[in-house]
Amino acid sequence: TSSPPETTDTTKPGSPATNYSRLPTEEKVVALTFDAAYDPAPLADIITALESAGARATFFLTGEFVRDFPAHTKKIIAGGYPLGNHSYSHPDFTESTDATVREELRTTAAAIEKVGGGDARPLFRAPFGALNDRVLRLVGSEGYVSVYWTIDTIDWKPERTTAQIKDAVLSKLTPGAIVLMHVGSKQTAQILPELLAEISARGYRFVDLREALPEAR
């Protein structure tokens, strides 16, 4: 889906975290975001493409990714890219207990800090994009805002082609768009240089979420 989920369950006290499905701007900027939960192999080509284009991006990591691939995580950190919390084991938070949600967030935050990634707050992306009001309140109480997306490339599917990924982005590109991609997508790594060039040619500037979101500055 490429639209923000409906929120439910308004019985819990406190204010829910803000949920961003696009950047709060009318400028021609775009936020590239990469979720990382498994295969790190395409990461080198992704970072090379970003560096060559001078493009900023944000990476949402699971704690398991940080645990299993510390060298790859440190490569992201060395590039100066902001890290966000994507849970520890990628469960559906809407089906998890409050205690589990908090533990997933805190364990991942500790793992990121341990490898030198600093404090991931306030950047959080829900596994599967699964959110409701209870989850948003829990996330908010832990110091996070929720980052959904404007454009879903669906690049995690093995059968997804580079042409489909490119078209998914360019056909929906608008000021303030947040683009969802995945570190584990070989197709994304392959098409990224061409995609970055086309986005730039349309007059867009690449921003990371620490620059773009008021709560993260």
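Before reading on, note that the structure itself is shown above.
Residues numbered from 1 in each chain as written. Predicted model: local features only at pLDDT ≥ 70, side-chain atom pairs only at ≥ 80, totals over all residues. Heavy atoms only, no water.

Q: Explain the packing of helix α1 (residues 43-53) against helix α3 (residues 70-78) to me, using residue names and the numbers behind them.
A: Running from amino to carboxyl end, α1 crosses α3 at an angle of 5°, the nearest separation of the two axes being 11 Å. Regarding the angle of α1 to α3, the classification is roughly parallel. Where α1 abuts α3, its residues Leu43, Ala44 and Ile47 lie against His72, Lys75 and Ile76. A per-class count over the contact of α1 with α3 returns four nonpolar, one polar and one charged. (Axes fitted to C-alpha atoms, helices over the stretch in contact; angles between N-to-C directions. Helix = DSSP H or I, 4+ residues; strand = E, 2+ residues; numbered from the N terminus. Parallel < 35°, antiparallel > 145°, perpendicular 65-115°, else oblique. Contact = heavy atoms within 4.5 Å. Nonpolar A, V, L, I, M, F, W, Y, C, P; charged D, E, K, R; others polar.)

Q: Can you tell me about the nonpolar core, naming the residues and giving the values?
A: By size, the foremost hydrophobic cluster in this structure holds 37 residues, and its most contacted members are Val30, Leu32, Phe34, Leu50, Phe59, Leu192 and Ile199. At the level of elements, β2 (29-36), α1, β3 (58-61), α2 (63-68), α4 (98-114), α6 (162-170), β8 (177-182) and α7 (186-201) are the ones that each hand at least two residues to this core. Residues contacting Phe59, with those up to four places away along its chain left out, are Phe34, Leu43, Ile46, Leu50, Ile76, Tyr81, Pro82, Leu83, Gly84 and Val183. Of all hydrophobic cores here, the second largest spans 17 residues; its members include Leu123, Val145, Val147 and Leu209. (Core = buried A, V, L, I, M, F, W, Y, C linked by side-chain atoms within 4.5 Å. Buried < 20%, exposed > 50% of the residue type's maximum accessible area, 1.4 Å probe, protein only.)

Q: Before we move on, could you go through unusual backbone geometry and cite the residues and values that matter?
A: Trans is the prevailing form of peptide bonds, just as negative phi is the prevailing case for residues other than glycine. The step from Arg121 to Pro122 runs through a cis peptide bond, and the omega angle for that step is 10°. Mapped onto the fold, Pro122 is located in the loop between α4 and β5 (123-124). For Phe128, which is not a glycine, the phi torsion comes out positive at approximately 65°. Tracing the sequence through the fold places Phe128 in the loop between β5 and α5 (133-141). Judged by relative accessible area, Phe128 falls into the exposed class, the value being 57%.

Q: Let's hear about the pattern of salt bridges: which residues, and what values?
A: Pairing of side chains with opposite charge becomes possible as their charged atoms draw close. Scanning all chains against the criterion turns up 13 salt bridges. Between Glu142 and Arg102 there is a salt bridge, and its shortest N-O distance comes to 2.7 Å. Of this pair, Glu142 sits in the loop between α5 and β6 (145-147) while Arg102 sits in helix α4, placing them 40 residues apart in sequence. On the basis of relative accessible area, Glu142 is assigned to the buried category, the value being 12%. By relative accessible area, which is 27% here, Arg102 ends up partly exposed. (Salt bridge = Lys/Arg side-chain N within 4 Å of Asp/Glu carboxyl O.)

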